[in-house]
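Secondary and tertiary structure notes
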Amino acid sequence: MNAPMSLRRTLLLGILLPLFGFVIINTVVLYRQALAAADTAYDRTLLATAKSLSEQLAVVGEGTEAQVRSSLAYSALEAFEADNRSRIFYRVSGFSNEMVSGFDDLPPPRKRMPDQKIYAALVHFYDDEYRGVPVRMAVLLQPVASSTSQGMTTIQVAETLELRQTLARQILIDTLWRQAALVIVIVLVVVFVVQRATRPVRSISQALTRRSENDLSPLPTDSAPREVLPLLEATNQHMQRLSQLLDHQKRFVRDTSHQLRTPLAVLKTQVQSARRGDVPPLQALEEIGHTVDRATELANQMLALAKVEQLRQDRDAPVVDWGEVVRSVALDLAPLIADRGLDFSLDVQHAPVRSHEWALRELSRNLLHNAIKHCPPDSRLSMAMACDSRTAALSICDSGPGIPEHLRERLFQPFATDHGARPSSSGSGLGLAICHGIVQSLGGSIDMQNRETHGRIAGLDVTVRLPLAPPDTEDTHGP
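Below is a summary of the structure that appears in this document. (Residues numbered from 1 in each chain as written. Predicted model: local features only at pLDDT ≥ 70, side-chain atom pairs only at ≥ 80, totals over all residues. Heavy atoms only, no water.)

Notes on the sheet that holds strand 14 (residues 456–467)
- The sheet built from 5 strands is open, its strands ordered 9-11-12-14-13 with mixed pairing. The open sheet has two free edges, formed respectively by strand 9 (343–347) and strand 13 (445–453), since each of these has just one partner strand. Averaged over all pairs of adjacent strands, the angle between strand axes in this sheet comes to 15 degrees, irrespective of strand direction.
- Bridging between strand 13 and strand 14 involves 9 bridges; their strand directions are antiparallel. Bridged to aspartate 447 within strand 14 is threonine 463.
- Those strands touched by helix 10 (residues 431–441) are strand 13 and strand 14, and its axis lies near 130 degrees from that of strand 13. (Pairing = 2+ DSSP bridges. Helix = DSSP H or I, 4+ residues; strand = E, 2+ residues; numbered from the N terminus. Axes fitted to C-alpha atoms, helices over the stretch in contact; angles between N-to-C directions. Contact = heavy atoms within 4.5 Å.)

Dropping the structure here:
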C-alpha cells in the first residue's frame, strides 16, 4: 500500500512544478527573442556591406551594350568582419543577372522578394548554406544609372554564423543563470512559506503524539490557521463525544458493580441461611427467587440504560407509530392493571416518530409500569395521546402519592428512588433515568407535575412530548 503524500510535499510539488514549467517556457521564449534581436542588429551590418558595394558600381556602354562594372576589392570588406570570427562573401549581378564581381558559386537569390518590414530598401534576409557552411544572406536590389543607360543590379552578401552563434550561446547562458537564480530564490521562499504555514499542523500532530491515551481534552485553536479550524473543531467535537461515551462506560461499570453487589450479597446470605436450615425451604426458595428477580430486573435496566447511549449516536432511525407501541405496551401490562383493580382508560392515535421501536417501548413501559406500581388498588389510571402539527404528547395520569419535594431535583438521576418511594422500598431507581435519556436522545421533553385537589396531592401527571416525523419521510413501522 502506497504511503500517503505529506501536506508539505503536496504544496511544494503543486507550486514548484508549474513554476519550473513556466521558467522553461520563458527561457525558450527569451532565447528566441534575443536571437531575433541579434539577427536584426547583425542584419544591419549586412545591409551596410551591400550598400557599400553598390557605391562602387558604374555603368559602362550604352543601350543594349551597357554593362555594370565594380571597382571594389575584397580586402575592403575586412572592416565588416567582426573579430575575424566570421567571414563575408558577396556577389554582384548585372542587369541580365550576369556575374559582375565576387564569388560566382554563391547561391542565386530567391526569386520572390517578401514584403519589407524593418528596412525600407529592397533588401531580403534569409538563412542559407554556402560551401557546406550555414550563412546569413542579404539580397539588395540596387538601381544603377549613367548619363546614357540605367538598370537594376542584384547584390548578395553572405556572412557565416560564428559570431551570431557565439552571441546566442552567451545570451542563452546569461538567461539560464538569471532564471536559475530566480528559481533558487523562489524555491527558498516557497520552502520557507510552506514550512511556516504547516507549522501549526505539525505542532498539533506532536501535541497529539505526546498525549496519554485517556486524554480527550479539546485541541487548542487559538493559533491555528483559518483553513485548519474546521478540522480542529470537528476533531474536538468527535473527542467530546468519545469523552462522553468513555465517561458513560466508566459510570456504567461503576454503577453496575455497586448495584449488583447488594443483591448478590443478599442472595449469598439467603443461600447460606437455607443450607443451615434457619428458615423453611419454601420460604428460602421464595426469598431467593425474589432476590433473583430484583437482580434480573436491575441487570435488564442497566443494559437498557447503556443502550440509550447508543441511541444518542444513531442518526438513521426508522419511523415508528408511537400510538401503536403504547397500545401494545398497555396490552402487555393488562394483567398488572387487572390485578390491582385499576380503572384504566386508554386513548391513543396515530403518531409517527423517528425512533427505534425498542426505545419507544422501553419509554412507554417504564412510565406505565411506574404509574401502576404507585396507584392505590381500585383507583383511576389513564393514558392519552394528542398530536399537533409538530409534536406528539403522551399523558399518563395516576392516583399515586406524587413526587416528594426532596426527590424532585434528582428525579432523573440514575439510582434515585422512584417517585413516592421510600428509600427502603423496592425499585432500582433506573426507570426514570432510562425514560429521561430516551426522551433527550429523541429531541423531546418529559414533565412531571403533582395533581392537587382541595390542597392535597391527588396523583401525578406525566407528559412526554416527542417531535413528529416529517410527512414526506413517514414510512411507519408498527410494533
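Back to the write-up after that little detour.
Quick word on the pattern of salt bridges
- In this structure the tally under the stated criterion is 12 salt bridges.
- A salt bridge links aspartate 127 to arginine 136; its shortest N-O distance comes to 3.0 Å.
- Overall, arginine 136 belongs to the buried group, its relative accessible area being 12%.
- Among the salt bridges present, the one from arginine 451 reaches aspartate 461, with a minimum N-O distance of 2.3 Å. On the criterion of sequence distance, the pair formed by arginine 451 in strand 13 and aspartate 461 in strand 14 is long-range, its members being 10 residues apart.
- Within the structure, one salt-bridge network assembled from shared partners comprises Asp39, Asp43, Asp127, Arg136, Glu159 and Arg164. (Salt bridge = Lys/Arg side-chain N within 4 Å of Asp/Glu carboxyl O. Buried < 20%, exposed > 50% of the residue type's maximum accessible area, 1.4 Å probe, protein only.)

A word on the nonpolar core
- By size, the foremost hydrophobic cluster in this structure holds 42 residues, and its most contacted members are Trp322, Leu363, Leu367, Met448, Val464 and Leu466.
- Put simply, the parts of the chain that give this core at least two residues each are helix 6 (322–332), helix 8 (357–374), strand 11 (380–387), strand 12 (391–397), helix 10, strand 13 and strand 14.
- If one sorts the elements of this core by residue count, helix 8 sits on top with 7 residues.
- Ignoring anything within four residues of it in the chain, the contact list for leucine 466 reads Trp322, Val353, Leu360, Leu363, Arg390, Thr391, Ala392, Val439, Leu442 and Gly444. (Core = buried A, V, L, I, M, F, W, Y, C linked by side-chain atoms within 4.5 Å.)

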